[in-house]
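Each chain, letter by letter, is given below.
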Number of protein chains: 2
Amino acid sequence: MDFARRAWDHSFPFDPIVRTLLDTDFYKILMAQMLHEKHFNDFATFSLLNRTTGIRLAETIDMGELREQLDHARTLRFEANELIWLRGQTFYGQEGMFTPHFIDFLRRLKLPDYELSADPESGQIRFETHGRWCEATFWEIPLLSIVNEMRYRAILKGMSRSRLDILYARAKVKLYAKLERLAGLEGLNLTDFGTRRRHSFLWQEHCLLTAAEVLGKGFTGTSNAYLAMTHGLEAKGTNAHELPMGFAAICAPDDDQCLRDAQYKVLQQWQNSYRGELLVFLPDTFGTSQFLADAPQWVANWTGARPDSKDPAAAGEELIAFWESRAVDPARKLIIFSDGMDVALPGEAPGPHDIPAVHARFHGRVRLGFGWGTMLTNDFLGCDPADGGSLKPISLVCKLTAANGHPAVKLSDNYRKAMGPPAEVERYRRVFGSAGVADAPTLV
Amino acid sequence: MDFARRAWDHSFPFDPIVRTLLDTDFYKILMAQMLHEKHFNDFATFSLLNRTTGIRLAETIDMGELREQLDHARTLRFEANELIWLRGQTFYGQEGMFTPHFIDFLRRLKLPDYELSADPESGQIRFETHGRWCEATFWEIPLLSIVNEMRYRAILKGMSRSRLDILYARAKVKLYAKLERLAGLEGLNLTDFGTRRRHSFLWQEHCLLTAAEVLGKGFTGTSNAYLAMTHGLEAKGTNAHELPMGFAAICAPDDDQCLRDAQYKVLQQWQNSYRGELLVFLPDTFGTSQFLADAPQWVANWTGARPDSKDPAAAGEELIAFWESRAVDPARKLIIFSDGMDVALPGEAPGPHDIPAVHARFHGRVRLGFGWGTMLTNDFLGCDPADGGSLKPISLVCKLTAANGHPAVKLSDNYRKAMGPPAEVERYRRVFGSAGVADAPTLV
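Residues numbered from 1 in each chain as written. Chains lettered and ligands numbered in written order. Predicted model: local features only at pLDDT ≥ 70, side-chain atom pairs only at ≥ 80, totals over all residues. Heavy atoms only, no water.

Student: Explain the overall build of chain A to me, and be specific about the residues and the numbers.
Tutor: The helix and strand inventory of chain A stands at 19 helices and 11 strands. Scaling as 2.2 N^0.38, a compact globule of 444 residues should have a C-alpha radius of gyration of about 22 Å, and chain A matches this with 21 Å. Seen along its three principal axes, the alpha-carbon backbone of chain A occupies a region of about 65 × 50 × 50 Å. For chain A, the residues scored as buried account for 58% of the 444 residues in total. In chain A, the proportion of contacts linking residues at least 24 apart, taken out of those at least 6 apart, comes to 79%. When the accessible surface of chain A is summed, it comes to about 17200 Å², and 51% of that surface belongs to carbon and sulfur atoms. Computing the positive centroid from 50 side-chain charges and the negative centroid from 56, chain A places the two 1 Å apart. (Helix = DSSP H or I, 4+ residues; strand = E, 2+ residues; numbered from the N terminus. Rg over C-alpha atoms; globule rule 2.2 N^0.38 Å. Buried < 20%, exposed > 50% of the residue type's maximum accessible area, 1.4 Å probe, protein only. Contact = heavy atoms within 4.5 Å. Areas by Shrake-Rupley, 256 points an atom, 1.4 Å probe, with all protein chains shown as cover. Lys, Arg positive; Asp, Glu negative; His and termini not counted. Charge placed at Lys NZ, Arg CZ, Asp CG, Glu CD.)

Structure below.
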């Protein structure tokens with residue numbers, strides 16, 4: 001019995017899910033620096049969206065407690081040691097990546113105010129925040145980890161002690177079996193991308209420490225900045241859909257050319273700030289095929305790409321064909337697969353998102369990286385003895401929905417993943433076309 | 001990280017201090033059986049009294065949380081396994097001590113309703129419960145352990161993690177040093193009497209398990225029925241002041257002879273129910289000296305005595321002289337010292353309540369037993385690095401204050417420990433005299 005721990009635990013009115021602003025994805029900080037420098041006066045709206053509509057989140061989670069957790073997150077500030085780490089640490093081999101000006105901004109940063117309500121009809125949580133883009137962007141990850149962890153706390157509440165015990169034991173066994181399969185892959189480059197949909201902070205920590213132990217140098221870091229700092233791991237990440245979505249949204253309403261150029265303008269600004277391994281483009285915001293077809297040659301010279309909403313084999317082949325068509329050697333290019341990746345257990349048939357299968361297909365043909373998210377830090381499928389499906393992860397996102405008052409749109413390579421007001425989506429589809437877009441079921 | 005434990009802890013809205021009705025002193029159950037059998041229609045009032053008036057309890061403890069804890073205690077019932085243990089266990093070598101009729105009563109028992117308020121003037125908690133004596137009597141121990149533990153939780157709240165860590169480390173070191181001193185005492189017979197004023201349930205458990213390990217067969221059991229059951233220890237205890245107090249209070253208001261006889265009538269009823277080692281009288285309710293002077297010869301034939309409010313050396317010598325005056329060999333008689341006992345640490349001067357000192361004086365002259373209470377399960381003096389005195393135990397009691405509507409009175413061997421309305425105390429002093437009564441400062 002750790003008496004001090006027990007007494008210490010009693011000093012908190014509740015158990016905060018997010019305890020530091022650095023408990024976020026590293027790419028939010030990279031993007032925020034660019035937004036702070038070049039888009040300080042652009043304003044953004046971020047909203048929560050649960051794509052798993054069958055799960056009525058507002059009826060599972062106590063809305064009062066949710067508000068308590070969110071309000072607690074708003075009391076957080078970047079701590080001195082965290083800012084020193086950001087300032088002094090080498091990221092992707094680059095020193096002094098963050099400017100003193102930006103560090104000063106982070107020192108004063110707090111999460112902007114938000115609106116929260118429950119929609120009685122859909123049973124979903126309505127969350128919206130509005131503020132300077134470079135500030136509001138920081139809500140994404142804490143919001144998602146808070147809502148996800150609160151959902152799991154609610155499900156676990158009321159389970160008996162032994163049911164919980166076997167649940168966690170099975171999840172540990174499952175994780176270990178997956179890691180053992182990965183351990184055999186030659187030249188593995190696997191990163192934890194699981195912050196946003198993790199089961200809980202402590203479980204994510206458990207998963208990544210176990211991965212680091214089992215995979216050795218095949219485990220190359222984590223997207224979680226706080227865990228990277230705490231455990232001496234590499235902080236990983238580049239950029240996300242919100243950049244091209246926002247750049248497009250702030251175009252004049254009838255300026256189709258501005259829309260078309262937005263996806264490349266993002267990259268132009270990005271390469272002014274970052275170099276080397278950070279030059280990884282995300283091609284699918286408005287459809288990968290049109291993006292590659294119209295891309296300027298300098299895009300082909302970037303270090304790599306992160307396909308996100310297309311079948312991995314098809315996406316990889318498409319990228320290789322793109323580089324070959326631009327007379328660039330694919331073997332020197334990096335592809336990071338990070339969309340719904342997983343590892344089949346022994347005896348299971350590997351699906352299209354199976355890391356070993358994708359590795360087998362592309363290893364040696366390109367430089368490979370894997371960003372393993374939900375199914376690394378939140379795989380409890382079949383672990384609950386009473387209900388194997390009770391802990392199935394949901395497809396929860398926090399997306400840019402408007403910039404400077406104009407609605408934001410995402411098309412993606414998956415028809416059903418499109419987001420935005422229908423009229424705007426139609427307009428974007430007219431501008432960008434729908435070459436190579438599939439109607440595949442959405443993966444988590 | 002014990003994930004299951006953490007998730008399990010989340011399923012409770014608060015951390016209950018008392019989790020079973022069996023978490024009480026064994027003597028309450030012994031007394032209740034007699035009361036149930038012979039005094040089922042007598043009604044009693046029990047009240048809380050903090051003799052350490054400088055500690056304004058109602059301002060330290062959150063009254064809403066206190067009510068929550070007390071209401072939770074009222075939801076508890078004796079569990080089937082607990083009743084089986086009471087029914088089947090051998091206590092003091094006696095089988096079948098509890099009748100099926102009484103076990104049935106326990107099965108249905110719940111703590112009676114209570115009144116709770118804060119007195120703004122004294123800063124004290126007012127607690128009063130009224131009901132059948134055999135039911136209301138069960139409030140004493142849970143009430144005291146709840147109020148005490150809530151006080152410590154309130155004090156500990158807000159201490160830093162490292163301050164808590166050193167606090168508990170020092171308390172463990174101190175406990176161990178005391179136990180090592182006791183381990184050398186020949187024929188030691190030491191019992192835990194520390195439930196009512198314990199620091200916390202878990203700390204009491206830690207203390208008694210450590211005592212059992214260090215003292216071996218010198219540690220002879222615990223007054224806590226639940227801990228005795230759980231850890232296979234002997235449950236210990238006999239009877240308390242409430243019996244003669246109640247017997248006296250239910251006398252007709254002008255019947256002085258009934259008052260004088262009450263203290264012996266209790267023992268007559270007791271020996272109808274119990275035998276052997278349970279025949280230990282508590283002589284000090286209305287003053288030890290008058291009790292012994294007027295005692296019938298059969299009282300001298302009881303197994304032993306438990307002096308409670310007199311200097312231990314004086315009390316022991318007085319009992320030995322009593323037995324000798326009745327032509328009874330003191331060496332065959334048992335004295336249990338249980339009032340404010342403690343153990344001086346190496347380098348400290350032993351006080352009158354020092355167990356080794358009392359042992360040195362009486363070992364070989366009588367059969368000796370020690371009931372070690374507050375300073376076994378709640379010694380944190382000097383353990384808090386910031387304030388050595390912050391955790392000093394308080395003298396908190398829950399006493400019978402009326403029976404069948406008549407006020408109850410206790411005189412004790414300590415003038416300042418007298419309890420009851422002043423006019424009644426005066427009447428009792430007239431009836432019983434004040435031979436041998438001291439005006440010593442009250443010990444915890």
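After that view of the structure, there is still more to cover.
Student: Quick rundown of empty space enclosed by the protein? Include the residues and the values.
Tutor: All names here are of chain A. The tally for this structure, following the rule as stated, stands at eight cavities of 30 Å³ or more. Of the pockets and cavities examined, the largest cavity occupies roughly 90 Å³. Along its surface, the largest cavity is lined by N239, A240, P244, Q263, V266, L267, L282, P283, D284, T285, F286 and F291. Here the element with the most residues in the lining of the largest cavity is helix α13 (residues 256-273); it accounts for three residues. (1 Å grid on protein atoms, 1.4 Å probe; cavity = no way out; pocket = protein on both sides within 12 Å on 5 of 7 lines; lining within 4 Å. Points joined across faces, edges and corners; volume = space filled by probe spheres on them.)

Student: Which residues make up the state of the cysteines, and what values go with them?
Tutor: Residue and element names in this part refer to chain A. All chains considered together, the criterion is met by two disulfides over all chains. At a sulfur-sulfur separation of 1.8 Å, the disulfide partner of C251 is C258. Every disulfide takes its handedness from the sign of the S-S torsion; for C251 and C258 that torsion is -80°, giving left-handed. Residue class for C258 comes out partly exposed when judged on its relative accessible area of 26%. Not part of a disulfide, C398 finds its nearest cysteine sulfur in C134, a span of 16 Å. (Disulfide = S-S within 2.5 Å.)

Student: Any details on the environment of L30 of chain B? Residues and values, ideally.
Tutor: Residues and elements named next belong to chain B. Structurally, L30 is set in helix α2 (residues 26-38). Sequence separation of L30 and R77 is 47 residues, and the distance between their C-alpha atoms is 18 Å. If sequence neighbours within four positions are ignored, L30 has contacts with M97, F98, G237, T238, W270, Y274 and L278.

Student: Break down unusual backbone geometry for me, citing the residues and quoting the values.
Tutor: With glycine set apart, most residues show a phi of negative sign, and most peptide bonds adopt trans. Positioned with a positive phi, Y92 of chain A is a non-glycine residue whose angle comes to about 50°. Residue placement: Y92 of chain A occurs in the loop between α5 (80-88) and α6 (100-108). Positive phi values are uncommon outside glycine, yet N404 of chain B reaches one of about 45°. Assignment of secondary structure puts N404 of chain B in the loop between β10 (396-403) and β11 (406-407). On the basis of relative accessible area, N404 of chain B is assigned to the partly exposed category, the value being 33%.

Student: Any chance you could break down helix α13 (residues 256-273) of chain B for me, citing the residues and the numbers?
Tutor: Residue and element names in this part refer to chain B. The end-to-end C-alpha distance of α13, which contains 18 residues, comes to 27 Å, matching closely the 26 Å that a straight helix rising 1.5 Å per residue would cover. Considering bend angle alone, the principal kink of α13 is centred on A262 and spans about 50°. Inspection of α13 places L259, A262, Q263, Y264, V266, L267, Q269 and W270 among the buried residues, and these make up the whole buried set. The elements touched by buried residues of α13 are α2, α12 (242-249), β6 (280-281), α14 (288-294), α15 (297-300) and α19 (422-432). (Expected span 1.5 Å × (residues − 1). Bend = angle between axes of the 7 residues up to and from the residue.)

Student: Tell me about the packing of helix α2 (residues 26-38) of chain A against α13 of chain A, and please be specific about residues and values.
Tutor: All names here are of chain A. Where α2 contacts α13, the two axes come as close as 11 Å, and the packing angle between them is 100°. By the angle between their directions, the pair α2 and α13 is classed as roughly perpendicular. Residues L30, M31, M34, E37 and K38 of α2 touch α13, and the partners they reach there are V266, Q269, W270, N272 and S273. Of the residues belonging to the contact of α2 with α13, the class tally is five nonpolar, three polar and two charged. (Axes fitted to C-alpha atoms, helices over the stretch in contact; angles between N-to-C directions. Parallel < 35°, antiparallel > 145°, perpendicular 65-115°, else oblique. Nonpolar A, V, L, I, M, F, W, Y, C, P; charged D, E, K, R; others polar.)

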